[in-house]
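If you want the building blocks of each chain, they are given just below.
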Number of protein chains: 2
Amino acid sequence: MNLKEKIRVIDDFPSKGISFKDITTLLKDAKALNECIKQMAEKFKDLEVDLVVGPESRGFIFATPLAYLLGTGFVPVRKPGKLPAETVKYEYELEYGSDSLEIHKDAIKPNQKVLIIDDLLATGGTMIAAAKLVEELGGDVVGLGFLIELEDLKGREKLNNYRVESLIKY
Amino acid sequence: MNLKEKIRVIDDFPSKGISFKDITTLLKDAKALNECIKQMAEKFKDLEVDLVVGPESRGFIFATPLAYLLGTGFVPVRKPGKLPAETVKYEYELEYGSDSLEIHKDAIKPNQKVLIIDDLLATGGTMIAAAKLVEELGGDVVGLGFLIELEDLKGREKLNNYRVESLIKY
């Protein structure tokens, strides 16, 4: 199955000049969803992953089924104020201003092998933040998985300390 | 396995007097996550579901693995401005002010059997909004599934037109 054909490209969303990759057309297609979750799991099944981490909110869509298939737990990385217990926070720069992500302090044990999953690799900012949070807790980031990679934005270069896998490239 | 024991209750979050049910302690436990996804799927496997819908963002955590196990597609219901194509919107009242949710207009075909999954049944407001959106598109809401139900808040009464299932009750 050609998963890329299931993605809908919407011009000028969320702002002028951006060609948004709409994954909802893939997600609603039972066969395509099944196939993409299986393909992601296949790419990481040799790693003996202990935990799958996913950033809010589209990362959740793929991270939990991956955790299910790989037989691991799932840990959410969230925007500030959403996680109820003690957290660590990572702040990162955006084109204008900054953003931050949090993880529960007790979410990961030292040396656990962690796979981080998100829908889209663009500039890599969100994924770096998620990886730093995992490492701050002593976790070992063994892989980063994406449904879509925007190659022109060179996020992969920023992530060159890690094993990076993506299913669909633009 | 007693899934309820895996939930962590945090007092006075997000505000004074609220006992927040923290699901992250269940999610990070591989066996508990596996068990709760299987139990949810078991409750709805007789329904011949066509699509699983999940509201942003904790609904995503359970809705996609359910879609995977039931062999269906997944459709996200999101906060305004997040979905890139044409949407329908449902506005609902909160204690102070209002909130709204959107779904893509082409997400559901008439008469498709739709299961809606969320993490928590409290007053039922979010779930009513999601069900109305599905019905506006002609979908047939065949079931509503929750990980946790707060019985004192009587959300189930508001949802009495639907089949409601929950795994953990407080």
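Throughout what follows, the structure given in this document is the object of discussion. (Residues numbered from 1 in each chain as written. Chains lettered and ligands numbered in written order. Predicted model: local features only at pLDDT ≥ 70, side-chain atom pairs only at ≥ 80, totals over all residues. Heavy atoms only, no water.)

Structural notes on the environment of Glu 56 of chain A
- With respect to the element layout, Glu 56 of chain A can be found in the loop between strand 3 (51–55) and helix 3 (58–70).
- For Glu 56 of chain A, a relative accessible area of 12% corresponds to the buried category.
- Between the C-alpha atoms of Glu 56 of chain A and Lys 21 of chain A, which are 35 residues apart in sequence, the distance is 17 Å.
- In contact with Glu 56 of chain A, other than residues within four places in its own chain, are Val 77, Arg 78, Lys 79 and Lys 82 of chain A together with Ser 57 of chain B.
- At 2.9 Å, the side chain of Glu 56 of chain A forms a polar contact with the backbone nitrogen of Lys 79 of chain A.
- Within the structure, the side chain of Glu 56 of chain A is placed 3.4 Å from the side chain of Ser 57 of chain B, a separation counted as a polar contact. (Helix = DSSP H or I, 4+ residues; strand = E, 2+ residues; numbered from the N terminus. Buried < 20%, exposed > 50% of the residue type's maximum accessible area, 1.4 Å probe, protein only. Contact = heavy atoms within 4.5 Å. Polar contact = N/O pair within 3.5 Å; in protein donor to acceptor, adjacent residues only side chain to side chain.)

A few points about unusual backbone geometry
Residue and element names in this part refer to chain A.
- In this structure, Pro 14 follows Phe 13 across a cis peptide bond, with omega equal to -5°.
- With respect to the helices and strands, the residue Pro 14 is situated in the loop between strand 1 (8–11) and strand 2 (19–22).
- The backbone of Asn 111 shows a phi angle near 75°, a positive value even though the residue is not glycine.

Quick notes on the nonpolar core
- Phe 62, Ile 117 and Leu 147 of chain A together with Phe 62, Ile 117 and Leu 147 of chain B are the most contacted members of the largest nonpolar core, which has 62 residues in total.
- Among residues more than four places away in sequence, those in contact with Ile 117 of chain A are Met 40, Phe 44, Val 52, Val 53, Gly 54, Pro 55, Gly 59, Phe 62, Ala 63, Leu 66, Met 127 and Gly 145 of chain A. (Core = buried A, V, L, I, M, F, W, Y, C linked by side-chain atoms within 4.5 Å.)

Focus on the relation of the copies chain B and chain A
- Mapping chain B onto chain A calls for a rotation angle of 180° and an axial translation of 0.0 Å; the resulting RMSD is 0.0 Å. Within this description, the copies of the chain are treated as partners about a two-fold rotation axis. The position closest to the rotation axis in chain B is occupied by the C-alpha of Pro 65 of chain B, lying 2.3 Å away.
- Mapped onto chain A, 100% of the interface residues of chain B are again interface residues, and the two copies thus contact each other with one and the same surface. (Least-squares fit on C-alpha atoms with pLDDT ≥ 70 in both.)

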